[in-house]
Structures are given as structure tokens and as C-alpha cells.
Amino acid sequence: MSKMQVQQKESKSEAGSSIDKPATDADKPRIFTVWRKSSMGFQGTDGFSVYDDSGRLAFRVDNYSRRQRYLTKEIVLMDGDGKALLCLRPQILSMHDRWNAYEVEECRHKQPNSKLFSMKRYSLLQNIDKKEVSITKLADNNKAKLVPSFRIEGCFEKGSCKIYSSEGKEVAQISRKTTGEASVLLGNDVFRLVIQPQFDCTQVMAFVIVMDRIR
């Protein structure tokens, strides 16, 4: 067999192995069921309980009230075991209902500086269901600034909206939850969250929490 024939055979073998390679979990969308209710179950509390497709508690938010919307000082997003992942704070006197996300350690300061992201209504005058998320990035002069990185379109309150990246790629989708063979539609407090591969589930869940506050 000539050298060229050997190279062609090896090339075909490599191509075949690439095609036949099974998809890993990292290549598949993550599917969650989100229940707008605290996992603690105390009377008068509110929050989120988020379950993965195996039925395990993946994220939780406990002990705050939606009825006292403008009195909320801080919301902490936790994993299923109760470990704090990040905190969310409303920006005082914001015209667009702006919220900022911080690392847990940073939130111990009364006036934290380094934002993970900032989220607000796109406009008070046009399409109130549209929202914008800005991520802190370094500008050309090496100074940090917030750059629009995601947009959210649709009606969160009705359980129908999508999150897009700045390039127009779908990041996540929220839709009403159905159950059983008869596809019974559940209430507004339960919905389905599908997050596409390669996107940070914790960050997307934080987006969902803020949407709940500024809807």
C-alpha cells in the first residue's frame, strides 16, 4: 500500500470517528422546571425552587416577598444545597428598574463595585416586555464598562419569552409547563426553562429572578 493510500485511509478513519462520536451532556440543552415558590415552605415566604430534568433541586431562592417589591434590598441565588452563588440588588432611584448582580463576597460591602451584570427594562415608553442585560467588559482604555450582551423578548408574566445573545443566538427559552399525556397546562407559577449548551445556567437563572421583579 502506498504512502498516499495510507494517509487517505487514516483521514477517512478520523472523519468517521468524529461523525460517530456520541453527543455528551455538555452538547445538550439543560431543561429545568421552575416553581415560583420557596422550597422552605414557610407561610408568608416567597422565592423560587428550580428542579433539573432528574427531579433534583438545582437552584433556590428563599424568604422574600413579591408583594413588597420596592422594599427588597437583596436577593440571594443559591444552589440546591443552599450554597450562595451570587446576590442581586435593585439600583436605587432607577428609571428602568435596573438590577445589579454581584459575587457573594462583594455583597458583604454596603457599596459593592464589581458588577457581574446589570439588567434593566429596555424602555419605559416602548415594548415594556423587552429587557436588556449588560455584562462588565474591559474597554480599549482598560477601564471596565457595561456592554449590552443579552436581550430578552416576550412576556415573562405569561410564561413565554426568549433570551438572545448580542449575536442573535438563542440562549434560553421560557414556556408554560404541561404535564401528563393529556398535556394539561399548569398554572403561571410553574414554567419550563430550557438553556442551550455552553451558557452559564447560574447566570441565566439570575436573569429569570430579575425578570420576576421587573415584569
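As the structure is a computational prediction, the values presented were derived from the model and not from experiment.

Attention now moves to the overall build of the chain. Scanning the chain from N- to C-terminus turns up 2 helices and 14 strands. Out of the 215 residues in the chain, the part that is buried amounts to 37%. Accessible surface, the chain: about 13,500 Å² in total, of which carbon and sulfur atoms supply 48%.

Turning to the pairing of strand 6 (residues 99–102), a few remarks are in order. Because side chains alternate across strand 6, one face comprises the buried residues W99 and A101, and the other comprises N100 and Y102, equally buried. Two strands pair when backbone bridges link them, and strand 5 (residues 84–90) and strand 6 are joined in this way by 4 bridges, in the antiparallel orientation. In the strand pairing of strand 6, C87 is matched with Y102. As paired strands, strand 6 and strand 7 (residues 115–121) are joined by 4 bridges and run antiparallel to one another. Within strand 7, the position partnered with W99 by the bridge is M119.

So, about the confidence of the model for the chain. Of all residues in the chain, 66% attain a pLDDT of 70 or more, and the chain-wide mean is 78. Per-residue pLDDT stays below 50 along residues 11–19; that stretch engages in 0 contacts with residues further than four places along the chain or on separate chains.

Note on terminology: a disulfide is the covalent bond linking the sulfur atoms of two cysteines. Evaluated as defined, the whole model comprises 0 disulfides. Not part of a disulfide, C155 finds its nearest cysteine sulfur in C161, a span of 8.0 Å. Look at C155 and you get buried, because its relative accessible area is 17%.

Time to look at the pattern of salt bridges. Pairing is possible between side chains that carry opposite charge, provided their charged atoms lie close to one another. Applying the stated criterion across every chain yields a total of 7 salt bridges. Between R36 and D189 there is a salt bridge, with the nearest N and O atoms lying 3.7 Å from each other. Here R36, found in the loop between strand 1 (30–35) and strand 2 (46–52), pairs with D189, found in the loop between strand 13 (184–185) and strand 14 (190–195); they are 153 residues apart in sequence, far enough to count as distant. A relative accessible area of 6% places R36 in the buried class. Overall, the relative accessible area of 43% leaves D189 in the partly exposed class. Beyond isolated ion pairs, a larger network of salt bridges with shared partners links R36, D189 and D212.

Cut-offs applied
- Residues numbered from 1 in each chain as written.
- Predicted model: local features only at pLDDT ≥ 70, side-chain atom pairs only at ≥ 80, totals over all residues.
- Heavy atoms only, no water.
- Helix = DSSP H or I, 4+ residues; strand = E, 2+ residues; numbered from the N terminus.
- Buried < 20%, exposed > 50% of the residue type's maximum accessible area, 1.4 Å probe, protein only.
- Areas by Shrake-Rupley, 256 points an atom, 1.4 Å probe, with all protein chains shown as cover.
- Pairing = 2+ DSSP bridges.
- pLDDT = per-residue confidence, 0-100.
- Contact = heavy atoms within 4.5 Å.
- Disulfide = S-S within 2.5 Å.
- Salt bridge = Lys/Arg side-chain N within 4 Å of Asp/Glu carboxyl O.

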